[in-house]
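Residue-level listing of the chains:
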Amino acid sequence: MSDAAGDPQIGGLRRSALKGAFVTGLAQVVKVAVQFGSVIVLSRLLAPGDFGLLAMVTPIYGLASIFRDLGLSHATVQSSEIGPAQSNALFWLNIAMGLLLAVPLIFGAPIVGWFYGDDRVVGLTRGFAVLIVIMAAGAQQMSLLNRNMRFGFLAGLDAFSALSGFLAAALLAGVFRSYWALFAGMAVSVATGVVGAWIGSDFVPGLPRWDSRVGRMVQLGAGITGYNVFTFIARNLDSVLIGRVWGDASLGLYDRANRFLMFPLLQINAPLARVMLPVLARLRTDGERYRSAYLRAANQLLLVTQPGIVFALACADILIPMLLGEKWRGVVPIFQWMGLAAVVQPFSLTMNWLFISQGKGGAFSWFGAFNAATCTLAFCAGLPWGPIGVAAAYSISQVLLRPPMAFWMATRTGPVRLGDLYGVAAAHGAASAVAFAVIVIVRRSVALDGIPALMSLFCLSYAVSVLVVVLTPSGRTAMRESLSVAAALVSPMMGGVWARRT
């Protein structure tokens, strides 16, 4: 479990990163497809109130999960060295935190029922308390797999866990038509991931024993935890407020819009962060290589994600009823407002890579506080107008306030400069604006309907975006890198095929 045994040589980082990004990308295609399938299938089997009920409880589960982790998963990846004694101490620390959080949740669940005025959330809260302990049992194994760049195994495990959870939820929803099907899907997914992490990791914990070297990791983890708590507030207070003031049906519509748009983005960013964090952590002493690796990855991420978001935003009035059914048409305006925030979300999330890989735990936590404060103000400002008002206020603040602050704080020190970030943002922002305008003009000029028309507009969004991006120097660099990555991935496969034929 020593650092030397698990870490690849610096010279092989690019190859490891490319391979990791490739296999992770393939798994994410499966995972995002499962997510979309889950949204469509379960939305047709269950009522909006069922999703709203689960959305009332998941913020509590999310907050407890943050404190259970204490930022130690990222600290494990970022640490310059870690041995068996440290891993053992971190494992038992995770278990202790899981139990410490689960017990009060189990006994305090009636308070949650009182807050929402619905006794059904009591049982759900206790169920999520059990999941917290299960997650704690696999946290260190999962972190070590990430640290040692076992990207292929982790990608396959993610895809299999997501598929298992979806199948369990769909089966139970079809039979019982109950909100418990949604919880069961999450439980199966979590349990599958934990079992897989134990199978894939070489680490087996021993008796509980503290290691003094863990103290520095806990210090970094504290900064990350601070950011995560503030980010949790920013991402979940809206659901709590809507559920409390407007009820489960309105929250169900809001939750579906969020799941349909924001959740897939997180599913793309999280595995990419899994690849980039260990790579950037190893390059942090080589400023120019660090800067180049970050900017290349950020450009590739935006080339992949932003045109798809623009298409969904411009075609939401057709897309939502077609996929979810007419009873979900109320999701459309919420979805369109959220789409404004979604355009900037992928790039904003890459700021996390800079904070964590450079060990800026304090600055990370301070930015989290700013994020939480501005989101809270936006949620409160929009709440009188219901879910649409909350989505609108959040998106406006997400575009105007948070990215500039994140850019400034992430580049005060370190190899990446403020001008680098604004250059990337300007190129891809212009591409998104032009692609959106073109799709709107085409829709108003030509009567388009059905899946073939939507696929044409989807391809048009990517074509226009790429065309605009390559007009800028950074865009041309990004396209050359895309071709280089494609060649690096295809050449070994074609070589293998040629070798088998000869």
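Criteria and cut-off values
Residues numbered from 1 in each chain as written. Predicted model: local features only at pLDDT ≥ 70, side-chain atom pairs only at ≥ 80, totals over all residues. Heavy atoms only, no water. Helix = DSSP H or I, 4+ residues; strand = E, 2+ residues; numbered from the N terminus. Buried < 20%, exposed > 50% of the residue type's maximum accessible area, 1.4 Å probe, protein only. Contact = heavy atoms within 4.5 Å. Areas by Shrake-Rupley, 256 points an atom, 1.4 Å probe, with all protein chains shown as cover. 1 Å grid on protein atoms, 1.4 Å probe; cavity = no way out; pocket = protein on both sides within 12 Å on 5 of 7 lines; lining within 4 Å. Points joined across faces, edges and corners; volume = space filled by probe spheres on them. Nonpolar A, V, L, I, M, F, W, Y, C, P; charged D, E, K, R; others polar. Salt bridge = Lys/Arg side-chain N within 4 Å of Asp/Glu carboxyl O. Patch = residues over 30% accessible without salt bridge, like charges linked within 9 Å, V, L, I, M, F, W, Y side chains within 5 Å. Axes fitted to C-alpha atoms, helices over the stretch in contact; angles between N-to-C directions. Parallel < 35°, antiparallel > 145°, perpendicular 65-115°, else oblique. Left-handed = near helix turned anticlockwise from the far one by under 90°. Phe/Tyr/Trp six-rings, centres within 6.5 Å; stacked < 30°, edge-to-face > 60°. Lys NZ or Arg CZ within 6 Å of the ring centre and 35° of its normal.

It is worth spelling out the overall build of the chain at this point. Looking only at helices and strands, one finds 21 helices and 0 strands in the chain. The buried share among the 502 residues of the chain stands at 55%. Of the contacts made within the chain by residues no fewer than 6 positions apart, 84% connect residues no fewer than 24 positions apart. Carbon and sulfur atoms provide 70% of the accessible area of the chain, an area that totals close to 21200 Å².

Moving on: empty space enclosed by the protein. One simple way to see leftover space: roll a probe sized like a water molecule over the atoms. A complete count under the given rule lists 4 cavities of 30 Å³ or more for this structure. There is about 190 Å³ of room inside the second largest cavity. Around the second largest cavity sit 16 residues that line it, and Y227, Q345, S348, N371 and Q398 are the ones nearest its centre. Only α10 (214-246), α14 (331-349), α16 (361-382), α17 (386-400) and α18 (402-410) provide two or more residues apiece to the lining of the second largest cavity. At 4 residues, the largest contribution of residues to the lining of the second largest cavity is made by α10. In terms of residue class, the lining of the second largest cavity is built from 8 nonpolar, 6 polar and 2 charged.

Under the counting rule described, the total for this entry stands at 5 salt bridges. Note that D118 is salt-bridged to R120, the shortest N-O span being 2.7 Å. Notably, a salt bridge pairs R289 with D286, separated by 3.9 Å at the nearest N-O pair. Its relative accessible area of 30% is what places D286 among the partly exposed residues. One salt-bridge network, in which partners are shared between bridges, spans E288, R291 and D420.

Let us look at a nonpolar patch on the surface. Taken together, the side chains of W337, L340, I388, I396, V399, L400 and L401 present a nonpolar region at the surface, about 570 Å² in accessible area. Put simply, the parts of the chain that give the nonpolar patch at least two residues each are α14 and α17. Examining the composition of the nonpolar patch, we find that 4 residues originate from one element, α17, more than from any other. By the element assignment, L401 lies in the loop between α17 and α18.

Within this model, the second largest pocket holds a volume of roughly 310 Å³. Lining the second largest pocket we find 17 residues, and of these V344, F347, F407, A425 and G429 sit closest to its centre. Where the lining of the second largest pocket is concerned, the elements lending two or more residues are α12 (287-314), α14, α18 and α19 (418-445). For the lining of the second largest pocket, the element with the highest residue contribution is α19, accounting for 6 residues. Looking at the lining of the second largest pocket residue by residue, the classes come out as 13 nonpolar, 4 polar and no charged.

The next subject is the side chain of D238. Structurally, D238 can be placed in helix α10. When its relative accessible area of 7% is taken as the criterion, D238 is described as buried. Beyond its immediate sequence surroundings of up to four residues, D238 is in contact with Y254, F379 and V390.

Below, the discussion takes up unusual backbone geometry. One non-glycine residue, R177, lies in the positive phi region at around 50 degrees. Checked against the element boundaries, R177 lands in the loop between α8 (151-176) and α9 (180-200).

Along the chain, L63 turns up in helix α3 (residues 48-69). Judged by relative accessible area, L63 falls into the partly exposed class, the value being 29%. Separated by 173 residues in sequence, L63 and N236 place their C-alpha atoms 9.1 Å apart. Sequence-distant contacts of L63, that is, excluding residues within four places in its chain, are made with V229 and F232.

Interhelical geometry of helix α13 (residues 316-324) versus helix α20 (residues 450-469) gives an angle of 135 degrees and a closest axis separation of 12 Å. Relative to α20, α13 is oriented oblique. Every pair of crossing elements has a handedness; the one defined by α13 and α20 is left-handed. Contacts between α13 and α20 involve I318, L319 and M322 from the former and G450, I451 and L454 from the latter.

Okay, the packing of aromatic side chains next. The way to describe two aromatic rings as a pair is by their centre distance and the angle between their planes. Per the stated rule, a full pass over the model turns up 17 aromatic pairs. Measuring from centroid to centroid gives 5.3 Å for F311 and F458, while their planes differ by 85 degrees, and the two rings are edge-to-face. With F311 in helix α12 and F458 in helix α20, this residue pair connects regions lying 147 residues apart in the sequence. Linked through ring pairs, Y61, F128, Y179, W180 and F183 together constitute an aromatic cluster. For R244, the ring lying beneath its charged end belongs to F115, and the centroid distance is 4.9 Å.

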